[in-house]
Amino acid sequence: MAGTENPNIKILISCHKEVPRPQSDLFLPVQVGAANTSRRFEGMQPDDEGENISDRNFTFCELTAQYWAWKNLDADYYGLCHYRRYFCFDGLEHSANDHLQIEEDSLSSFSLRDYRLDDADLIERCVSECDMVAPPYWDISKAETPDGVKRTIQEHMVAYGLFLEDDIALLREIVQERQPEYANDLDAYLSGSKYLGYSCYIMRKDLFQRFCEFEFDVLLEFDKRFNYEGLTTTRKRICGYLGEILYSVFVRRIEEEELRIDRYPLVFFLDTSVSCAPSKEDSTGADLARIVWRYRDRPTSAFVVCLESLIRTLDPTRSYEVEVLHEVDFVFDTVLNALKAIPDNLIIKHSQWSVFDCPQEVATLSLDDFDIAQPLLLPWLSSGYENVLWIDGLALFQDDPAQMLNAVDGDSAFVCMQNILLQRELNKPTTRYFLSEYGLDTRVDEILDTTVMAINSKIAREAVDPALIVNELQKLRGEYRYTQPKRPEYKPEVRKRTEVPSAYLLGNQAFRAQLLSVIGAMPLPFENVSTCIDLPDTMTWANEDTARAWKAARHPTIVYPEYGKPPLLSGSHRFGGAFWIAARDTTVYEVLLAEELEPDAPSAKRLLFPEGSKRRRIASKMIRKFRK
């Protein structure tokens with residue numbers, strides 16, 4: 001069948017939750033374990049229709065989708081992928097993890113496009129040229145397990161606690177009884193170090209039928225004999241784990257038959273959350289005060305302080321919704337666990353920041369550029385957005401934020417925070433030099449930033465072309481530097497302040513100020529949002545009129561900390577005390593103090609030559625002598 005023109009290809013996507021997914025008709029998302037729930041996911045085929053083993057999903061995992069297709073679906077090629085793993089057919093070189101998989105933060109319209117995961121023509125061409133598509137083997141003898149490096153696949157999987165030696169013995173026994181022609185292949189695979197696993201494939205119909213007859217004949221018998229009583233959820237998934245072994249054994253057999261197996265890498269997505277953006281039907285009109293909050297850091301304590309400050313200011317007669325857009329490794333459950341209580345008139349949603357569908361008007365927009373333009377594109381990211389308050393970083397609330405949305409009832413689509421910090425630094429001789437490339441003139445330019453914005457989506461959709469915003473952004477990219485985010489390794493067990501996210505660096509702030517100037521954004525008064533920065537320094541170096549207006553705003557609705565980080569414990573930082581007073585009334589106060597006050601690890605110099613020591617004095621004298 002290899003080489004067949006226009007073959008009927010069906011690649012199942014095993015899903016146990018709502019996830020972003022390719023839109024190509026080649027893919028068929030299957031809701032696994034549908035027999036165990038009354039909930040149905042829109043656009044998915046439930047695995048409990050026709051002949052099925054849906055009720056055994058707790059142990060067969062993604063294989064209940066495969067069984068359903070075997071008994072109920074007709075195709076020329078059958079495939080199976082998981083909700084977070086897809087074959088990449090683009091033929092390009094990509095960096096890979098130790099499992100030889102391409103690791104990507106988020107499954108989104110951007111990653112689907114960039115890896116061509118739903119390019120039907122490409123997939124059809126690659127699949128029709130072979131008998132089977134499989135991922136590459138990887139060597140487990142170089143991979144760590146919780147019990148050290150192991151030499152064989154059997155030892156490797158047992159070390160991870162996926163099953164016990166007795167379970168493998170039972171599997172061998174059943175294979176010998178029911179499928180003895182595969183017994184030697186099973187022993188050879190388990191005693192080797194070349195791992196396949198994952199049960200991801202695309203294969204010809206006749207091979208798929210052979211595979212299912214072999215695999216389910218063994219697993220259904222194993223399921224009958226195995227005792228699940230008293231086991232953990234992970235251990236109960238044993239048929240799924242053993243299915244990975246039997247799939248690998250079957251591939252070995254196909255290799256021996258010298259059929260054509262083409263190897264393509266899998267893309268593994270760390271995050272598969274769906275966007276929390278509202279649909280048009282979700283929009284509740286002017287009565288809902290909506291905040292979209294982008295949080296780039298990973299420690300949660302300071303963010304909890306800000307959320308608690310918001311909760312304290314809410315009007316009990318209004319409804320509020322907060323959508324938190326965070327990094328892939330941000331554990332949002334720790335935030336919810338730390339909050340004292342969430343009032344009935346507040347809904348908190350969250351998702352990874354990039355899971356929006358890219359607007360058709362700017363379909364070629366790169367993810368890096370989307371990171372910059374995201375707040376300006378909110379009106380086109382969901383038709384459910386009306387008046388929206390956008391925040392990027394930390395923000396301490398001192399009053400009801402709903403009143404700020406009144407600032408967008410005029411003719412302006414985007415009303416932004418005045419960036420007095422950047423204006424101050426542009427006026428300083430020490431920083432003016434390296435910021436001069438951005439071409440900002442503090443005497444005539446409004447120095448604004450996207451870190452806090454009030455957005456009138458209706459006006460934006462009527463009067464602004466999103467393609468114009470992106471064109472101006474890309475034009476500025478050609479003229480000015482923008483430092484792209486880099487996430488250093490983060491160890492949450494170490495209480496230490498993280499680096500300032502690159503989005504808050506002065507050069508990037510200057511870049512955004514230029515962009516906002518080009519698109520005609522307007523300033524928010526300091527009574528709405530003010531920056532927590534050093535008072536004497538700001539009064540000295542900011543423009544006089546701006547500095548006076550900033551100082552005159554004694555109780556702004558929102559206080560934005562310098563560089564989006566918790567303010568320094570300093571009396572000279574205006575509004576800094578308000579943050580720490582608010583923090584004192586939260587469950588994370590002591591943790592936050594530990595994070596902010598714990599000193600950095602001492603340098604090798606300080607360890608070898610401590611301050612005030614005789615050794616340090618001698619070393620200093622020697623250095624001075626050599627310099628002479």
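Residues numbered from 1 in each chain as written. Predicted model: local features only at pLDDT ≥ 70, side-chain atom pairs only at ≥ 80, totals over all residues. Heavy atoms only, no water.

Caption draft 1: Summary view of the overall build of the protein chain. A tally of helices and strands in the protein chain yields 24 helices and 22 strands. A principal-axis box enclosing the C-alpha atoms of the protein chain has dimensions of 85 × 70 × 50 Å. Across the 628 residues that make up the protein chain, the buried fraction comes to 56%. Residue pairs in contact within the protein chain that sit at least 24 positions apart in sequence constitute 78% of those at least 6 positions apart. Accessible area of the protein chain: about 28,200 Å², with a carbon and sulfur share of 48%. (Helix = DSSP H or I, 4+ residues; strand = E, 2+ residues; numbered from the N terminus. Buried < 20%, exposed > 50% of the residue type's maximum accessible area, 1.4 Å probe, protein only. Contact = heavy atoms within 4.5 Å. Areas by Shrake-Rupley, 256 points an atom, 1.4 Å probe, with all protein chains shown as cover.)

Caption draft 2: Unusual backbone geometry, seen in detail. Here the phi dihedral of Cys 61 falls at roughly 55 degrees; this positive angle occurs in a residue that is not glycine. For Cys 61, the position within the fold is in the loop between helix H1 (57–60) and helix H2 (63–72). Despite not being glycine, Arg 116 shows a phi value in the positive range, around 55 degrees. Mapped onto the elements of the fold, Arg 116 is located in the loop between helix H3 (109–114) and helix H4 (120–128). By relative accessible area, which is 36% here, Arg 116 ends up partly exposed.

Caption draft 3: A look at the sheet that holds strand S16 (residues 387–392). Strand order in the open sheet made by the 7 strands is S15-S14-S13-S16-S19-S18-S20, with mixed pairing throughout. Two strands bound the open sheet, and with one partner strand each, they are strand S15 (346–352) and strand S20 (522–523). Note: strand S18 (residues 414–418) against S20, 2 bridges, orientation parallel. When the bridges of S20 are listed, Val 415 appears paired with Met 522. The strands touched by helix H11 (residues 301–313) within the sheet are strand S13 (288–295), strand S14 (319–326) and S15, with S13 carrying the most contacts at an inclination of about 170 degrees. (Pairing = 2+ DSSP bridges. Axes fitted to C-alpha atoms, helices over the stretch in contact; angles between N-to-C directions.)

Caption draft 4: Here's a closer look at the confidence of the model for the protein chain. When pLDDT is averaged along the protein chain, the result is 90, and 90% of the positions lie at 70 or above. Note that residues 490–496 has pLDDT below 50 and, in this model, 10 contacts with residues that lie over four places away or in other chains. (pLDDT = per-residue confidence, 0-100.)

Caption draft 5: Here's a closer look at the nonpolar core. The biggest cluster of nonpolar side chains holds 108 residues, and the ones touching the most others in it are Trp 293 and Phe 414. Setting aside residues no more than four positions away along its own chain, Trp 293 makes contact with Phe 303, Cys 306, Leu 307, Leu 310, Val 322, Glu 323, Val 324, Leu 325, Ile 391, Gly 393, Ala 395 and Phe 397. (Core = buried A, V, L, I, M, F, W, Y, C linked by side-chain atoms within 4.5 Å.)

Caption draft 6: Geometry of the pattern of salt bridges. The final tally for this structure, using the stated rule, is 42 salt bridges. Salt-bridge contacts for Arg 253 lead to Asp 185; the nearest nitrogen and oxygen are separated by 2.6 Å. A residue pair is termed long-range when its members are at least 10 positions apart, and Arg 253 in helix H10 (residues 238–256) and Asp 185 in helix H7 (residues 183–190) qualify at 68 residues. Comparing Arg 253 with Asp 185 shows no difference in burial state: the two are buried. What emerges from the salt-bridge pattern is a single network uniting Glu 173, Glu 177, Arg 178, Asp 217, Glu 221 and Arg 225. (Salt bridge = Lys/Arg side-chain N within 4 Å of Asp/Glu carboxyl O.)

Caption draft 7: Region of the structure containing the packing of aromatic side chains. The tally for this structure, following the rule as stated, stands at 32 aromatic pairs. With 5.5 Å between their ring centres and 85 degrees between their planes, Tyr 67 and Trp 70 make a pair best called edge-to-face. Within this pair, Tyr 67 and its partner Trp 70 are both found in helix H2, separated by 3 residues, close to a single helical turn. For the pair Tyr 67 and Trp 70, a shared accessibility class is recorded, and that class is buried. Aromatic pair Tyr 195 and Tyr 198: ring centres 5.9 Å apart, planes at 75 degrees, arrangement edge-to-face. (Phe/Tyr/Trp six-rings, centres within 6.5 Å; stacked < 30°, edge-to-face > 60°.)

Caption draft 8: Quick look at the environment of Pro 146. Relative to the helices and strands, Pro 146 is located in the loop between strand S8 (138–139) and helix H5 (153–159). Given a relative accessible area of 65%, Pro 146 falls into the exposed group.

Caption draft 9: Main features of the side chain of Thr 538. Here Thr 538 lies in helix H19 (residues 535–541). Under the relative-accessibility criterion, Thr 538 is labelled buried at 0%. A polar contact is formed between the side chain of Thr 538 and the backbone oxygen of Asp 534, at a distance of 2.6 Å. In this structure, Thr 538 is in contact with Ile 420, Arg 424, Ile 533, Ala 547 and Trp 550, ignoring residues within four places of it in sequence. (Polar contact = N/O pair within 3.5 Å; in protein donor to acceptor, adjacent residues only side chain to side chain.)

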